[in-house]
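Descriptive analysis of the structure
Spelled out, the chains give:
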Amino acid sequence: KTMGNIFCVMQALEELVRKNALYYDIMCFEWRWTVDKVELANQVSADVVETIKDKIKGLSTDIQRLLSVMAFIPQSVGVPVLKELLMNDEDNSLDENKIASLLKEASEDGMLMWSTESRNYVFSHDRIREASREYVVEEDRDKMLRHMADVLQRLGKGSKMEWCLYTAVDLLNSLPPEKVDVADLIKLNLRVSKIARSRGSPEKENMLLRESLERLQPFKWNNYDQSLEVYNAVIASECNLGNGDSMSTAIDEVLDHAKSLQDKFSAYFAMVQHLRISKDYRTAAHEGVKVLNMYSYNIPLQPTKIDLIREKMKLRLAFKSRSYASLLKLPIIEDPIFELFNQVCWDSLFSGQPRLLMVVAWTAIRRAIEKGVERHLPHMLVALGTLLGKKGNIKAANEIGNVALTVSENFRDNKADYSSTRFANYAGIIFYLQSFRSGVDILHQCYKDLRFVGRFEPALGSQLNYIYAYFAAGYQMGTIFESKLLVVDEFCKSIDKSGFAASFQIHRQFAMNLRQRSDHPTLLNGPAFQQDTAIANMSDQARKMTLRDASIFRLELAFIFNDSECMAEMLETLSGYPFEDQVISRFYIRACFMGLAAFSLAEKNCHAIGNKCLKYFRRMKKLGSTNAPPAYFFIAALKKPTKKAFTTAIDSCREASMPHLEAMARERYAMFLLTRNELELANSCLTSAYWLYFDWGAHGKSLSLAREYPFLKTAKRAKGTGTGSHVSSRSGTATAKSAVSGSVQNSGGIYKRQGTFNYNSTMSSRELIKKRR
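Starting afresh in each chain, residues are numbered from 1 along the sequence in its written order. In keeping with the model being predicted, local features are shown solely for residues with a pLDDT of at least 70 and side-chain atom pairs are shown and tallied solely at 80 or more, while totals for entire chains, interfaces and linings include all residues. The basis for the side-chain values is all heavy atoms of the structure; hydrogens and waters are excluded.

Topic: the packing of aromatic side chains
For clarity, the threshold we go by: Any two of the Phe, Tyr and Trp rings considered here, Trp counted by its six-membered ring, make a pair once their centres fall within 6.5 Å; the pair's planes then place it as stacked at under 30 degrees, edge-to-face at over 60, or tilted in between. Only runs of H or I of at least four residues qualify as helices and only runs of E of at least two qualify as strands under DSSP, and these elements are numbered from the N terminus. Relative accessibility under 20% of the residue-type maximum defines a buried residue, over 50% an exposed one, and the middle range a partly exposed one, all with a 1.4 Å probe and only protein chains included. As a reminder, the over-ring test applies to NZ of lysine and CZ of arginine, requiring each to be within 6 Å of the ring centre and within 35 degrees of the ring normal.
Under the counting rule described, the total for this entry stands at 34 aromatic pairs. Ring geometry for Y297 versus F341: centroids 5.5 Å apart, planes at 80°, classification edge-to-face. Here Y297 is found in the loop between α15 (281-294) and α16 (305-319), whereas its partner F341 is found in helix α17 (residues 337-350), with 44 residues between them in sequence. Grouping residues by exposure puts Y297 and F341 together as buried. Connected via pairs of aromatic rings, a cluster forms that spans Y426, F431, F436, F579, F587, Y588, Y616 and F617. A cation over a ring is seen here: R668 above F559, with NZ or CZ 3.9 Å from the ring centre.

Describing the side chain of Q505
The test is simple: In this analysis, two residues are considered to be in contact whenever any of their non-hydrogen atoms come within 4.5 Å of each other.
Note on placement: Q505 falls in helix α25 (residues 498-515). Leaving out residues up to four positions away in the same chain, Q505 has contacts with D489, K493, A528 and F529.

Let's talk about a positive patch on the surface
Quick note on the threshold: Each patch is built from residues that are more than 30% exposed by relative accessible area and take part in no salt bridge. Like charges join if they lie within 9 Å; nonpolar side chains (Val, Leu, Ile, Met, Phe, Trp, Tyr) join within 5 Å. We get accessible surface area from the Shrake-Rupley algorithm with a probe of 1.4 Å; when it comes to residues, only the shown protein chains can shield them. Counted as salt bridges are all cases of a side-chain nitrogen of Lys or Arg within 4 Å of a carboxyl oxygen of Asp or Glu. None of His or the chain ends enter the tally, which takes Lys and Arg as positive and Asp and Glu as negative. Each charge is placed at NZ for Lys, CZ for Arg, CG for Asp and CD for Glu.
Taken together, the side chains of K615, R618, K622, K639 and K640 define a basic patch exposed on the protein surface. Element by element, the count of residues in the positive patch is highest for helix α30 (residues 607-623), at 3 residues. Tracing the backbone through its elements, the reader meets R618 in helix α30.

Describing the pairing of strand β3 (residues 112-115)
Moving residue by residue along a regular strand, the side chains alternate between the two faces of the sheet. Put simply, the rule is: Following DSSP output, two strands are said to pair if at least two bridges run between them.
The sheet contact formed by β3 and strand β4 (residues 120-123) spans 4 bridges and is antiparallel. In the sheet register, S115 faces β4, and the bridge partner there is N120. Hairpin connection of β3 to β4: 4 residues between the antiparallel strands, including R119 at a positive phi of 60°.

Describing helix α35 (residues 699-708)
Burial in α35 covers these residues: G700, K701, S702, S704, L705 and A706. Of the surrounding secondary structure, the elements contacted by the buried residues of α35 are α25, α27 (540-560), α33 (659-675) and α34 (679-696).

Side note on the confidence of the model for the protein
Heads up, the condition is: A residue's pLDDT is simply how confident the predictor is in it, with values from 0 to 100.
Of all residues in the protein, 86% attain a pLDDT of 70 or more, and the chain-wide mean is 84. Ignoring residues within four places in sequence, the model shows residues 720-773, a span with pLDDT below 50, making 128 contacts including any to other chains.

A look at the environment of P354
Note on placement: P354 falls in helix α18 (residues 354-371). Between the C-alpha atoms of P354 and L384, which are 30 residues apart in sequence, the distance is 9.0 Å.

Thoughts on the environment of E229
Looking at the element boundaries, E229 is found in helix α12 (residues 224-241). For E229, a relative accessible area of 36% puts it in the partly exposed group. Placed 39 residues apart in sequence, E229 and L190 show a C-alpha to C-alpha distance of 8.6 Å. For E229, the contacting residues outside a window of four places in its chain are L190 and K194.

A short note on the environment of R154
Turning to its location among the elements, R154 is positioned in helix α8 (residues 138-155). Measuring from C-alpha to C-alpha, the distance between R154 and C164 comes to 8.6 Å, with 10 residues separating the pair along the chain.

Considering helix α14 (residues 265-277)
What counts here: Expected span of a helix: the number of residues minus one, times 1.5 Å.
When the terminal C-alpha atoms of α14 are compared, their 18 Å separation across 13 residues agrees well with the 18 Å that a helix rising 1.5 Å per residue should span. For α14, every residue scored as buried is listed here: F265, A267, Y268, F269, A270 and V272. Lining the buried residues of α14 we find α12, α13 (244-257), α15 and α17.

Structure (structure tokens):
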């Protein structure tokens, strides 16, 4: 009957002892039974829960009450909470000392055990909890649960005691309708569902809302306000989880019974949002405009230039010669229509409808000037700024982005909106002028906050931008960084986001190709990502985007490992994509290495691509971008290689704290010097590049250089620098000194060991060093 389960065996033995069918012979030191084997078998129940219930009968009444109350609390509780829960109207309440004594006694009886983790008593086994629940008579159980729920609601104040509300609502939901006040229970379900949503538990929120909806059915719409609130909450929850059928049923119910257009807004908004979730951005934008036009707006679905001019004049009149900064002085309001304005703007951006975006955004700004600032306005401003940035109006985009960041500070308590605004702002606006290093940590924090509140898609978008900025800034890579990418990749798979998963797999394989020795380092074909297999089963759009991302990183690998054939192939692939991207850090990597690769190849038809990239970075440099100079000067040095061009590029990379680009620039400078037979200086640059690659985490590239130039195998860092060309891990700067051990000789590939000297990349400093010697 026990099936060999040790817990069941122990309970069976205790049951037999209680029934005097078994006793321990202290003379013989063994167990003996007082009945035959057939009768012995009848003494033991086949159900271990029934056995434990028989054991509970033999305990004191107070311990029975204690176990019954604890059985309905899903987590361990302390003595003060148990005291409140054990109070009743029969004036037989227990004090804390008595409860502590009862807990100890129950522990000695094997029912409870002390948990060192929670510092409280817990059930020794789940079967004991189950038996304690079933031990209570149904009528007494309902009364006890109502009492417990009332006490827990009273105790559920503050974030540390929120578990009391979760437990209270679950206890009341387990009772039949006739035993509870349904209206109050619905209110409690709505209250706790909001807490669950704010704590990043959309599934729990949805479960509570469905319970509210089920309780509401017998008298739905009798209480109009409560019914509308429940259905609107259910619509939003089902939409967030992608449950289209359940959402559509709730939408139809609201549209059939809602009394006003304002009451129907949530239903209309969810219909638009569902289109967006299905990636039909164009249709979502148009349907959103139709809903806005129901509220006395007259926004054309396909605005003309005349419409644009008209709306721009209206906006100027509304601003009254003031700038966007005047929005900072407006009052804070609640206005749900701004959420629809915000969504239509982003849908228009994603679907390539710039005129529609500007008309909708300007209309929303005029409404804000008239009524006040709502929490979705900053995110909508970021959409407008992102569009202006893509169109080349960086100055206006930066102004709007800074205003959006400042306005969003009013809504810090709303993690979802605040983090979404910051993430989109850095990804699409701020990085135009500010360094990538300034936003890396912010993007990672946005990812954690958005994931915490259950906004998984924007969370992954933030993490994706974090990785692009991480690569663009030249932060150190390694196994720990690859492990982080693996964790995010597994999270993507767990929530069925295969597109995001493919991107993180590409990044991890890129880092592995740089770190490990490989015969084909420019191929993304390894344990993290296999390009041909991965894109074979993708849709056309997903395949196109994945191929673009893979080609960007293959191009960088090809430039690093000097693979001309791969560079030409990747340039041809990337040339087929528009020369723009709303993800600034990704476009930076793409444009930078397209320009570098174009001037590294002998084919003149590639130079047009290089000039296009050079023109882009020249313009960004003039606008004040801190990221543009390293790329601009490096590309310019490859276009017209001179000593001055290369030293300017190296200095620029070092000043911008981009060690990866500095390593590449020093290596290319060394190649240039070798053609001029300046062997000692070339040797210095190669050694610097070797240690920079090593510190960046590109150990595979360092090994490749050491194979090509054997003197690097014994190269040492300069004393006092700590690295070959010292680069701090996160926020420090790079120093100019480098170590060299040995020099490159051009006679038969022979390498001779030379002395060590300090090298400064500026020409004047190098001449001074020579004169001293």
